[in-house]
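Chain by chain, the residues run as shown.
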Protein chains: 2
Amino acid sequence: MSAAWLDEIAWDEHGLVPAIAQDAETGDILMFAWMNRDALRETVHTGKAVYFSRSRNKLWHKGEESGHTQKVHEIRIDCDSDVVLLKIDQAGGIACHTGRRSCFFSKLVDGVWTAVDPVLKDPKEIYK
Amino acid sequence: MSAAWLDEIAWDEHGLVPAIAQDAETGDILMFAWMNRDALRETVHTGKAVYFSRSRNKLWHKGEESGHTQKVHEIRIDCDSDVVLLKIDQAGGIACHTGRRSCFFSKLVDGVWTAVDPVLKDPKEIYK
């Protein structure tokens, strides 16, 4: 497989691109992260989501600690080629480090960010 | 309404936050853009999506030219408070400047980014 598809991506000044992980079945948005070239290449080659951790400055194989890996069904890119969308199957049904299904569990309600989705598993049980 | 909810957002070094627009009914991801503080405040106050155009360096009232405004049903934020999710109703059923429903119309097929969704309206008819 040539790397032309990687060259077509409009990497930002840090060599990164935003990536959205969406549940392939329900359409729920589960998380948002960043990818560099290696992360996206490895995602495609392994079929499992690999991101780039900006805080740790290294590849982040999603689920490496938690077991909550993401099997990739489809990869899309937007019209400016600067955002990646992954349609995934979320192992364990938990994408968020807080033990919730999705990282987007806080909703603006009357001017207050309010957690509206339940914690499915105690993070202490996830990250032992 | 106090601005505490705006202060809670982890704006990046440019004072921006990524924003994902998702169809409130179908769950389809329609577009991705950026917001600054003014854009998010105005989105909440008007109930219509307002972004910050990085290329034009100013507020971008989505649909100001095309008429393809986005009525906001719900606003969420992720666990790090650094990504905003809008659940919207897309006027005209077209979010993308190419005349497609969604900006994420290109799919990776055998190593080639391939447009898989139809153009619903000629952009020349949208931007007169």
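See the structure printed just above.
Cut-off values and rules
Residues numbered from 1 in each chain as written. Chains lettered and ligands numbered in written order. Predicted model: local features only at pLDDT ≥ 70, side-chain atom pairs only at ≥ 80, totals over all residues. Heavy atoms only, no water. Contact = heavy atoms within 4.5 Å. Buried area = accessible area lost by both parts, 1.4 Å probe. Salt bridge = Lys/Arg side-chain N within 4 Å of Asp/Glu carboxyl O. Polar contact = N/O pair within 3.5 Å; in protein donor to acceptor, adjacent residues only side chain to side chain. Helix = DSSP H or I, 4+ residues; strand = E, 2+ residues; numbered from the N terminus. Nonpolar A, V, L, I, M, F, W, Y, C, P; charged D, E, K, R; others polar. Least-squares fit on C-alpha atoms with pLDDT ≥ 70 in both. Pairing = 2+ DSSP bridges. Axes fitted to C-alpha atoms, helices over the stretch in contact; angles between N-to-C directions.

## As for the interface of chain A and chain B
Tallying the contact residues gives 40 residues for chain A and 40 residues for chain B. Summed over both partners, the interface of chain A with chain B comes to about 3200 Å²; 70% of that surface belongs to carbon and sulfur atoms. The three residues of chain A that bury the most area against chain B are Arg76, Phe104 and Trp113 of chain A, which together make up 23% of that side's buried surface. Our count for the contact surface shared by chain A and chain B stands at four salt bridges. As a salt-bridge pair, glutamate 74 of chain A and lysine 107 of chain B come within 3.8 Å of each other at their nearest N and O atoms. Taken together, chain A and chain B are joined by 14 residue pairs in polar contact (both at pLDDT 80 or more). At the level of elements, strand S1 (17-23), strand S2 (29-35), strand S5 (70-77), strand S6 (84-90) and strand S7 (106-109) of chain A are the ones that each hand at least two residues to the side of chain A that touches chain B. No other element matches S5 of chain A, which puts four residues into the side of chain A that touches chain B. Looking at the side of chain A that touches chain B, its residues break down into 22 nonpolar, seven polar and eleven charged.

## A closer look at the relation of the copies chain A and chain B
Here two copies of a chain appear, and what relates them is a rotation about an axis with a shift along it. Between chain A and chain B, the superposition needs a rotation of 180° and an axial shift of 0.0 Å, giving an RMSD of 0.0 Å. The two molecules are tied by a two-fold rotation axis, judged by turn and shift. In terms of C-alpha distance to the rotation axis, chain A has glycine 27 of chain A as its closest residue, with the C-alpha 2.5 Å off the axis. Comparing contact sets, 100% of the residues at the interface of chain A also lie at the interface in chain B, consistent with an isologous, same-surface contact.

## Details of the sheet that holds S6 of chain A
Ordered in space as S2(A)-S1(A)-S6(A)-S5(A)-S7(B)-S8(B), the six strands form an open sheet in which the pairing is mixed. A strand with exactly one partner marks an edge of an open sheet, and here the two such strands are S2 of chain A together with strand S8 (112-115) of chain B. For this sheet, the mean angle separating the axes of adjacent strands, direction not counted, is 35°. Where S5 of chain A and strand S7 (residues 106-109) of chain B come together, two bridges link them in antiparallel fashion. Paired with arginine 76 of chain A across the bridge in S7 of chain B is lysine 107 of chain B. Together, S2, S5 and S6 of chain A together with S7 of chain B form the strand contacts of helix H2 (residues 37-46) of chain A, whose direction differs from that of S2 of chain A by roughly 130°.

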